[in-house]
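Listed below are the residues making up each chain.
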Amino acid sequence: PASHGTPVDLEALMLAIVAEKTGYPADMLAMPMELEADLGIDSIKRVEILSTMRERAPGLPEVVASEMAALRTLGQIVDYLRAKSGAPAAPAAPAPVASAPASAVDAAPVAAGAPADLEGLMLTIVAEKTGYPADMLGLGMELEADLGIDSIKRVEILSAMRERAPGLPEVVASEMAALRTLGQIVDYMRGRASGGAPRASSAAEPTVAAEPPASGVKRFVVEEEPAPACGLAVAGLAGARRLVVTEEGSGVAEAVVAALGARGVSASVVASVPADADAVVFLGGLREVATIDAAVAVNREAFAAAKAIAARFAAEGGLFVTVQDTGGDFGLAGSARAWLAGVSALARTAAIEWPKASIKAIDLERAGRDSEAIAAAIAGELLGGGPTREVGLHADGRRTTLASVEREVLRAAEVVDASSVVVVSGGARGVTAASVIELARRTRARIVLLGRSKIEPEPASARGLADDASLKRALLDEARREGRPVAPAALGAAVARILANREIEATLAAIRAAGSDVRYVAADVQDGAAIGAALDEARAAWGPVTGVVHGAGVLADKLIAEKTADQFDRVFDTKVAGLRALLEATAKDPLRFVAIFSSIAARTGNLGQSDYAMANEVLNKVAASLRRASRGALVAKAIGWGPWEGGMVTPSLKARFDALGVVLIPIAEGARRFVDEIAGSPGEIETLVGGAVGEGPLGAGAGSGQRSEVTVGGASHPYLDDHRVAGKAVVPVAMAIEWMARGARAFRPEARAVALKDLRVLRGIKLDHFENGGDRLAVTCTPKGDDLALELCGSGGALHYSATFEAHAPPSTPPDPPAAASLRAWPHGPIYDGHLLFHGPRFQVIRSVDGVSREGLVASLDGARARGWAEGAWVTDPAAVDGALQLALLWARDVLGGATLPMSVAGFESFHDGLADGPTRAILRGREVHASRAVCDVVLEDAAGRPTAILRGIETILRPGEPSVPSAAS
């Protein structure tokens, strides 16, 4: 070799290349680390590293394979290279000093820790934000029970604390939910501040997105779209220690256990979910339900199942699958079983609260099929449906998922006018009140308002006082003068009643001013008798009811693990039992429309709102069932609102939502959109109004990745029996590409082509259990801007392959073919010689080499179908892709003079889903030829000359000493 000496910092070069070739962060590496024991660097990867070092430092010597085998650490290799080159040893380095990784340094708080009097700051801000006098407050008080501080007020308080003490950390919502008292929050924030908080945004990083056009409020319609299965298993299935399937009463559970067992997955049937289960398939949604009560009960059963394992799944992960039958489309077309539809919204919320767990919601159309057929469909989805979170399985074999499609409302025939009589629950206050006022302004309809609050005179001490704090002070002073003890919660409740009464009176006045007659009835929306009596009076005066608006709702935000059955019932029943009572009370009325105030939480899930999400999802699907039952005569609308401005959204909370990118709906615009929705697009039942669905904190899994698995064994992948090295079945690069492409397609089903770049072979995969149950591999997809970071890992999480999926790859131009005049016949004997190409019959895909030169190679290939591979959910044709890699080895053999190993592929593009229909033409174009390394591109074409796939930058290196054992990575 050319002698230019060794670089001064040979150690740094070694660490940089090892980091590059293995994927380990550079700050994890150290010279004493052992190649195989610590880093998993086998002999093949070692050759690749040394080859790269010699390219970047040409003065380094050739290595002797027998000598290299004895070197165990990175440091020993560096010393070996230095000694072989005759360079002096490097000066002794000082002992390494342990230091925090860069990420920990970045995480330092803006200011030095928490303020000394964090308790005083907390009490001051709580007093300001709640109106309680500071001398009433104590750190032992419970947020909800004593002070009535809900999740929204808690965010406002914490936001104000961080404004006044910038050194305080951001809080983790899932951790905060478990803190019950003011003192616990103080201790939490002090501990987080002393240990480092998330990195603050730098001046160079914009913290607020560009101003959106107008309000940024959008409208979406929930629709069904095709979703072919990816052929990978849902993560957490095969490796579960205890997989349980809940009983549903007709034998499906037992059949699912048998179907999974036949595929090597052990499971058991349970009546209720045990706390030690690490994988759960909940089948309650398939149960036969003869009544609405029976259907509603399934929702509570599902919540109980989730609560049983919630704490462990949040901390450790697991697998949670819900299965229901609402027609295979999650009730969009209108199912008679709509009252149990909240099961899927539970799964959406669980996905947010348990980020380490795998979650899947299946809607399976039973359609009279027997238990075995149903079980086969469920097992097939678990083992082949991958990470797709919402899956509809129709009786005719279609597999679908749900999508939120942006679409503006279109005007239609008016269903409300001055002759209409509209009953409204929850319409006397808040955003529903604003919407009803707009309805009155536009239609002059007569309105019956239902509310829980009784209108009663307020105390004299409250007159003339407008704000919460002043009212609380006045009522407290009055109680003390009278010698009455008063607790903060009671004081807060008294003020709430005063403010509620004032808001009701203001709403009634505004409706009358808009031109409508209005009645207010103080009644619980679930009290059918009270509602019936009130409506009888309205009918006597005004005529029959023609419209229903259900806006009543309450919140009790708690994580699934913390939420009690009573809290669940209070939130769920206000929505679900309330709608049922309204529908029963108006069953004989000539209704023209039913409009429901739903929530975007039903579509996306939301932290702490499993009950609210489930209740609203039931309402969404009941609306669809009402429309279907009326054969289109009834306008039924379920509007999934995002958060509105005003009301509970205070200025500081609004600022926090702005920082998170959550679009708030202006009151006037929301009210206008409500009336427009009733009057437009009658066939669009379930709509969403707010920001972009799937983004921000309400997005289920927003910003997170997906994981799926594949068990590789002789029974499931018999063709790999013909891909053996030294008697051991190994995974070819082409199959790694296929599995990563499947994972990417499942994550981004809208992508029309597969484009991978920076495909890296970090270490080959030997299938140690190929003949005995199979080896479990995992594909992970993690968002990386618009792209996806892909990884293929083996047992123990060891990383073997990585790549980047390009979501918006530009159109590709195939490489030019080699000049025909330069091509000559293949001169090196049999193609499959057992040495360079070791492949068995099902991988012997090269039909002919039609010419080779230093410029490239032209050949004809078979695809997987021609070689007898089974049909399946193929995204690529792995046999043809492997053939392209085989051709790269043949060409490298011709230009380098020896057997080589493929080490990386810079890019892969596929333009045709599935297996090739006939022979494939392969055109290889050489790019680089070095002393021990060659790089080429290969384009695959169909019989019409259309490109089906392109592999770019296939890098091969000469085998050290021409060993007789070929690579496990080819």
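The rules behind the values
- Residues numbered from 1 in each chain as written.
- Predicted model: local features only at pLDDT ≥ 70, side-chain atom pairs only at ≥ 80, totals over all residues.
- Heavy atoms only, no water.
- Helix = DSSP H or I, 4+ residues; strand = E, 2+ residues; numbered from the N terminus.
- Expected span 1.5 Å × (residues − 1).
- Buried < 20%, exposed > 50% of the residue type's maximum accessible area, 1.4 Å probe, protein only.
- Arc of directions from axis to C-beta.
- Contact = heavy atoms within 4.5 Å.
- Core = buried A, V, L, I, M, F, W, Y, C linked by side-chain atoms within 4.5 Å.
- Pairing = 2+ DSSP bridges.
- Axes fitted to C-alpha atoms, helices over the stretch in contact; angles between N-to-C directions.
- Phe/Tyr/Trp six-rings, centres within 6.5 Å; stacked < 30°, edge-to-face > 60°.
- Lys NZ or Arg CZ within 6 Å of the ring centre and 35° of its normal.
- Right-handed = clockwise from strand over helix to strand, strands pointing away.
- Salt bridge = Lys/Arg side-chain N within 4 Å of Asp/Glu carboxyl O.
- Parallel < 35°, antiparallel > 145°, perpendicular 65-115°, else oblique.
- Left-handed = near helix turned anticlockwise from the far one by under 90°.
- Nonpolar A, V, L, I, M, F, W, Y, C, P; charged D, E, K, R; others polar.

Asks: Can you help me understand helix α17 (residues 528-542) in this one?
Replies: The periodicity of an α-helix, 3.6 residues per turn, causes residues three or four positions apart to be oriented the same way. The end-to-end C-alpha separation of α17 is 20 Å, in line with the 21 Å expected for 15 residues at 1.5 Å each. Every buried residue of α17 is accounted for by Ile531, Gly532, Ala534, Leu535, Ala538 and Trp542. Buried residues in α17, looked at end-on, bunch into an arc of 165°, giving them a common side. Pointing more than 90 degrees away from the buried face of α17 are the exposed residues Ala529, Glu537 and Ala540. On its buried face, α17 sits against β10 (421-425), β11 (446-451), β12 (518-522) and α18 (565-585).

Asks: Help me out: how do you make sense of the nonpolar core in this one?
Replies: Looking at soluble globular proteins, one finds that nonpolar side chains tend to be buried together. Trp739, Leu792, Leu857, Leu887 and Leu890 are the most contacted members of the largest nonpolar core, which totals 78 residues. With 13 residues, helix α24 (residues 878-896) is the single largest residue contributor to this core. Sequence-distant contacts of leucine 890, defined by excluding residues within four places in its chain, comprise Trp826, Ile831, Leu836, Leu837, Ile846, Val849 and Leu857. Ranked by size, the runner-up nonpolar core spans 77 residues in total, among them Ala350, Leu535, Trp542 and Ala623.

Asks: Would you mind going over the sheet that holds strand β22 (residues 787-793) with me for this structure?
Replies: Remark on secondary structure: sheet strands pair via backbone hydrogen bonds, oriented parallel or antiparallel. Taken in spatial order, the twelve strands make up an open sheet running β2-β17-β21-β22-β23-β20-β26-β29-β28-β27-β25-β24, and their pairing is antiparallel. Among the strands making up the open sheet, the edge pair consists of β2 (233-234) and β24 (846-853). Examined bridge by bridge, strand β17 (residues 706-712) and strand β21 (residues 775-784) share seven bridges and lie antiparallel to one another. Looking at the pairing, glutamate 709 lines up with alanine 778 of β21. Its contacts with the sheet put α24 on β24, β25 (856-861), β26 (900-910), β27 (920-929), β28 (933-941) and β29 (947-958), and the angle it makes with β28 is roughly 140°.

Asks: Just to check I follow, could you spell out the pairing of strand β15 (residues 635-641) for this structure?
Replies: Regular strands show a simple pattern: their side chains alternate between the two faces of the sheet. Counting buried positions along β15 yields seven of seven residues, so the element is predominantly enclosed. Burial along β15 is two-sided: the residues Val635, Lys637, Ile639 and Trp641 and Ala636, Ala638 and Gly640 are all buried. In terms of strand pairing, strand β14 (residues 593-599) meets β15 through seven bridges, oriented parallel. Its bridge partner lying in β15, alanine 595 is registered against lysine 637. The pairing of β15 with strand β16 (residues 686-690) spans four bridges and is classified as parallel. Opposite glycine 640, over in β16, you have leucine 688 as the bridge partner.

Asks: I keep staring at the packing of aromatic side chains and nothing clicks. Help me out?
Replies: Describing an aromatic ring pair means giving the distance of the ring centres and the angle of the ring planes. Evaluated as defined, the whole model comprises eleven aromatic pairs. Between tyrosine 719 and tryptophan 874, the ring centres sit 6.1 Å apart and the planes meet at 55°, which makes this aromatic pair tilted. Pair noted here: tyrosine 719 is in the loop between β17 and β18 (724-725) and tryptophan 874 is in the loop between β25 and α24, with a separation of 155 residues, a long-range link. Take tyrosine 719 and tryptophan 874: they sit in the same class, and that class is buried. A centroid spacing of 6.0 Å and a plane angle of 50° characterise the contact between tryptophan 869 and tryptophan 874, whose relative ring orientation is tilted. Grouping aromatic residues by their ring pairs yields a cluster made of Phe597, Trp641, Trp644 and Phe674. In this structure, lysine 472 packs its charged tip against the face of tyrosine 132, placed 3.8 Å from the ring centre. Seen from the ring of tryptophan 874, arginine 742 lies directly overhead, with NZ or CZ sitting 5.0 Å from the centre.

Asks: Would you take a moment to explain unusual backbone geometry for this structure?
Replies: A negative phi angle is the norm for most residues apart from glycine, just as the trans form is the norm for most peptide bonds. The phi dihedral of phenylalanine 330 is positive, around 55°, even though this residue is not glycine. Of note, phenylalanine 330 is situated in the loop between β6 (319-324) and α12 (342-353). Located in the positive-phi region is serine 681, a residue other than glycine, with phi close to 40°. As for its position among the elements, serine 681 is in the loop between α22 (667-679) and β16.

Asks: How should I be thinking about the environment of alanine 233 in this particular structure?
Replies: Note on placement: alanine 233 falls in strand β2. Take alanine 233: its relative accessible area is 11%, and that puts it in the buried class. For the pair formed by alanine 233 and threonine 711, sequence separation is 478 residues and the distance between their alpha carbons is 8.1 Å. In this structure alanine 233 touches Leu382, Leu383, Gly384, Gly386, Ser708 and Glu709, once residues within four positions along its chain are discounted.

Asks: Any chance you could explain the pairing of β11 here in plain terms?
Replies: Within β11, six of the six residues are buried, which leaves it mostly tucked inside the rest of the structure. Residue alternation in β11 divides its side chains into two sets, Arg446, Val448 and Leu450 and Ile447, Leu449 and Gly451, and both sets are buried. Handedness of the β-α-β unit built from β10, helix α14 (residues 430-443) and β11 comes out right-handed. Here five bridges tie β11 to β12, and the two strands are oriented parallel to one another.

Asks: Hey, could you run me through the side chain of glutamine 609 in this one?
Replies: Turning to its location among the elements, glutamine 609 is positioned in the loop between α19 (600-604) and α20 (610-629). For glutamine 609, a relative accessible area of 8% corresponds to the buried category. Here glutamine 609 is in contact with Thr349, Glu353, Leu555, Asp557, Lys558 and Ala601, once residues within four sequence places are set aside.

Asks: Explain α20 to me, please; I cannot follow it from the model alone.
Replies: Its 20 residues place the ends of α20 28 Å apart at the C-alpha level, agreeing with the 28 Å of an ideal helix rising 1.5 Å per residue. Judged by how many residues are buried, α20 sits mostly within the fold: 17 of 20 residues are covered. Directly beyond the C-terminal end of α20, a positive phi value near 60° is found at arginine 631.

Asks: Where do I start with the pattern of salt bridges in this structure?
Replies: Where charged atoms from two side chains of opposite charge come close, those side chains can pair. The tally for this structure, following the rule as stated, stands at 61 salt bridges. A salt bridge links glutamate 301 to arginine 287, with the nearest nitrogen and oxygen atoms 2.6 Å apart. Linking glutamate 301 in helix α11 (residues 292-316) with arginine 287 in the loop between β5 (279-285) and α11, this pair joins segments that are 14 residues apart in sequence. On the basis of relative accessible area, arginine 287 is assigned to the partly exposed category, the value being 22%. Linking arginine 745 and aspartate 913 is a salt bridge whose minimum nitrogen-to-oxygen distance equals 2.7 Å. With arginine 745 in helix α23 (residues 733-747) and aspartate 913 in the loop between β26 and β27, this residue pair connects regions lying 168 residues apart in the sequence. Take aspartate 913: its relative accessible area is 42%, and that puts it in the partly exposed class. Among the ionic contacts, a cluster of salt bridges with common partners joins Arg411, Glu414, Glu438, Arg441, Arg442, Glu669, Arg672, Arg673 and Asp676.

Asks: For this particular structure, what's the right way to read the packing of helix α10 (residues 252-262) against helix α13 (residues 371-384)?
Replies: With their axes 8 Å apart at the nearest point, α10 and α13 run at an angle of 50° to one another. In terms of orientation, α10 and α13 fall into the oblique class. As for how α10 packs across α13, the hand of that crossing is right-handed. Contacts from Val252, Ala255, Val256, Ala259 and Leu260 of α10 reach α13 at Ser371, Glu372, Ile374, Ala375, Ile378, Ala379, Leu382 and Leu383. For the contact of α10 with α13, the residue count by class is eleven nonpolar, one polar and one charged.

Asks: Sorry if this is basic, but what is going on with the packing of α11 against α18 here?
Replies: Helix packing for two helices is described by the angle between their axes and how far apart those axes are. It is at 12 Å that the axes of α11 and α18 come closest, and there the two elements cross at 155°. The angle between the axes of α11 and α18 places the two elements in the roughly antiparallel class. Relative to α18, the crossing made by α11 is right-handed. Where α11 approaches α18, its residues Ile292, Asp293, Val296, Asn299, Arg300 and Phe303 are matched on the opposing element by Phe568, Asp569, Phe572, Asp573, Val576 and Arg580. Each residue belonging to the contact of α11 with α18 can be placed in one class, and the counts come to six nonpolar, one polar and five charged.

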